[in-house]
Amino acid sequence: MNRNTLLRGVTYCLIPALAWGGMFPVMQVALKVLDPFYFTTIRYIWAGLILLGMLIVFEGKNVLRLEGESWKLLFFGAVGFSGFGFLTFVGQKLSGPSGAIIASVIMALMPLMTTCVNWALHKSKPNRSTFISIFIALSGAMLVITNGDPSLIVQIKEHIGASLLIMLGALCWVIYTMGGSQFAGWSPLRYTALTTCFGSLLNILIVLSATVFGALTMPSAERIGSVGAELLYMILIAGVLAVFTWNVGNKILKPENGMLFMNIVPVTTVTISALQGVEVGRLQLAGTFIVIIALVINNLTQRRGKMQVNMQNDHS
């Protein structure tokens with residue numbers, strides 16, 4: 001990979017990392033007004049339509065053909081835009097005032113989740129240093145979730161339950177990101193647009209079914225309009241721009257490297273949350289940096305190991 005290609009990959013991964021850092025504080029405001037199911041559904045309907053329009057303009061109508069990949073598109077659309085959207089933001093809402101910070105720190109665990117998924121799928125067992133990094137990162141995440149008070153886990157069942165929902169949402173996004181490699185001959189825009197549309201259709205089906213059976217209440221136009229600014233951010237910046245550039249960047253750098261940029265998300269989120277007046281505990285701040293340091297050390301260790309293997313191969 002030459003320097004220009006590497007720089008493009010870094011830039012494409014940096015844009016969504018910064019955009020998603022702002023996503024959780026924005027959602028913290030929106031979730032006070034609109035439930036996460038309707039918000040996510042509305043968000044991805046518009047994002048899907050915009051991406052579909054971009055796909056037709058830039059690549060033509062021929063690329064709308066599914067080429068026998070409809071079930072794959074439905075699966076990755078479901079985990080990326082139903083699983084991630086619903087699980088993450090339901091968990092954030094249940095987490096209370098610190099929901100944005102907790103969600104962002106758990107998102108930063110994605111590089112280690114990618115390692116675990118690779119282990120499960122390709123039987124590539126991580127080395128000892130990776131296991132240590134996983135333990136340290138999880139310890140840091142628990143520090144953020146509990147703010148240094150482990151009794152919270154016992155006292156408030158929803159607290160740990162909410163964090164588990166967010167973790168499942170993060171895992172869904174890892175699977176979605178890795179799914180791009182299943183469409184080697186497709187452009188990132190094509191994968192992004194079609195999976196978003198499939199995910200949106202599933203979201204509509206889930207939300208309408210839940211509304212019919214009384215589990216959800218359809219919001220009024222006035223209520224939706226009151227979070228118009230938040231919707232615009234989530235559709236255009238955290239949706240269309242971030243998801244597209246994320247898929248482009250990960251196609252260039254590969255998911256195991258692209259995921260490292262998720263380390264930036266909690267730093268941005270903590271900064272914005274503090275500006276919004278959210279109280280950030282010292283132990284939560286310490287936990288955030290523990291997670292980031294663990295992930296960086298793990299990535300550097302992996303790179304050193306790969307360099308040593310390449311050097312051995314060159315000598316032999």
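See the structure above.
In short, a report on the structure.

What counts as what
Residues numbered from 1 in each chain as written. Predicted model: local features only at pLDDT ≥ 70, side-chain atom pairs only at ≥ 80, totals over all residues. Heavy atoms only, no water. Helix = DSSP H or I, 4+ residues; strand = E, 2+ residues; numbered from the N terminus. Buried < 20%, exposed > 50% of the residue type's maximum accessible area, 1.4 Å probe, protein only. Contact = heavy atoms within 4.5 Å. Areas by Shrake-Rupley, 256 points an atom, 1.4 Å probe, with all protein chains shown as cover. Salt bridge = Lys/Arg side-chain N within 4 Å of Asp/Glu carboxyl O. Axes fitted to C-alpha atoms, helices over the stretch in contact; angles between N-to-C directions. Parallel < 35°, antiparallel > 145°, perpendicular 65-115°, else oblique. Left-handed = near helix turned anticlockwise from the far one by under 90°. Nonpolar A, V, L, I, M, F, W, Y, C, P; charged D, E, K, R; others polar. Patch = residues over 30% accessible without salt bridge, like charges linked within 9 Å, V, L, I, M, F, W, Y side chains within 5 Å. 1 Å grid on protein atoms, 1.4 Å probe; cavity = no way out; pocket = protein on both sides within 12 Å on 5 of 7 lines; lining within 4 Å. Points joined across faces, edges and corners; volume = space filled by probe spheres on them. Core = buried A, V, L, I, M, F, W, Y, C linked by side-chain atoms within 4.5 Å.

What follows covers the overall build of the protein chain. In terms of regular secondary structure, the protein chain is built from 14 helices and zero strands. In the protein chain, the order of α-helices and β-strands from amino to carboxyl end is α-α-α-α-α-α-α-α-α-α-α-α-α-α. Within the protein chain, the fraction of its 316 residues that count as buried is 49%. Counting only contacts in the protein chain whose residues sit at least 6 apart along the sequence, the fraction spanning at least 24 positions is 87%. A total of about 15,300 Å² of accessible surface is found on the protein chain, and carbon and sulfur atoms cover 68% of it.

Turning next to the pattern of salt bridges. Any two side chains of opposite charge can pair if their charged atoms end up close together. This model, assessed by the stated rule, comprises two salt bridges. Between Arg190 and Glu67 there is a salt bridge, and its shortest N-O distance comes to 3.1 Å. Of this pair, Arg190 sits in helix α9 (residues 188-212) while Glu67 sits in the loop between α2 (36-59) and α3 (70-94), placing them 123 residues apart in sequence. With a shortest N-O distance of 3.9 Å, Glu69 and Lys72 are connected by a salt bridge.

This part covers unusual backbone geometry. A positive phi angle, near 55°, is found at Glu67, a position not held by glycine. Take Glu67: its relative accessible area is 49%, and that puts it in the partly exposed class. In this model, Lys254 sits at a positive phi of 80°, which is unusual for a non-glycine residue. Along the chain, the position of Lys254 falls in the loop between α11 (228-253) and α12 (255-258).

Position of Met54 relative to the elements: it lies in helix α2. You can call Met54 partly exposed: its relative accessible area is 22%. In sequence terms Met54 and Arg190 are 136 residues apart; their C-alpha atoms lie 9.4 Å from each other.

Axis separation between helix α1 (residues 3-30) and α11 bottoms out at 8 Å; the angle between their running directions is 150°. Put simply, α1 runs roughly antiparallel to α11. Of the two elements, α1 crosses α11, and the hand of that crossing is left-handed. For the contact of α1 with α11, the class distribution of residues is 25 nonpolar, six polar and two charged.

Where nonpolar side chains cluster on the molecular surface, the patch consists of Ile15, Ile50, Leu232, Leu236, Ile237 and Leu241 and spans about 440 Å² of accessible area. Among the elements that make up the nonpolar patch, the one with the highest residue count is α11 (four residues). Structurally, Leu236 can be placed in helix α11.

The contact between α2 and α3 brings their axes to 9 Å, and the two run at 140°. The pairing of α2 with α3 is recorded here as oblique in orientation. Remark: the crossing between α2 and α3 carries right-handed chirality. Residue-level inspection shows Pro36, Phe37, Thr40, Thr41, Arg43 and Tyr44 of α2 in contact with α3, the latter providing Phe81, Phe84, Gly85, Phe86, Phe89, Val90 and Lys93. Here the contact of α2 with α3 is composed, by residue class, of eight nonpolar, three polar and two charged.

Looking at the secondary structure, you find Thr195 in helix α9. Excluding anything up to four places from it in sequence, Thr195 contacts Leu73, Phe76, Gly77, Phe81 and Tyr176.

Moving on to empty space enclosed by the protein. Under the criterion given, the structure shown has one cavity of 30 Å³ or more. Roughly 70 Å³ of volume is contained in the largest cavity. Looking at the largest cavity, the residues that line it are Trp20, Met23, Phe24, Arg43, Tyr44, Phe84, Met107, Met110, Trp173, Ala238, Val243 and Met262. If you list the elements that add at least two residues to the lining of the largest cavity, you get α1, α2 and α11. Here the lining of the largest cavity gets three residues from one element, more than from any other, and that element is α1. Class assignment for the residues of the lining of the largest cavity results in eleven nonpolar, no polar and one charged.

Turning to its location among the elements, Thr40 is positioned in helix α2. Thr40 gets classed as buried once you look at its relative accessible area, which sits at 1%. Setting aside anything within four residues of it in sequence, one finds Thr40 in contact with Phe81, Gly85, Phe86, Phe89 and Asn203.

Moving on: the nonpolar core. In this structure, Trp20, Met23, Met110 and Trp173 are the most contacted members of the largest nonpolar core, which totals 69 residues. Residues contacting Trp20, with those up to four places away along its chain left out, are Trp173, Ala238, Ala242, Val243, Trp246, Met262, Val265 and Thr269. Core analysis: the next-biggest nonpolar cluster, separate from the first, contains six residues, Ala17, Val248, Ile252 and Leu253 among them.

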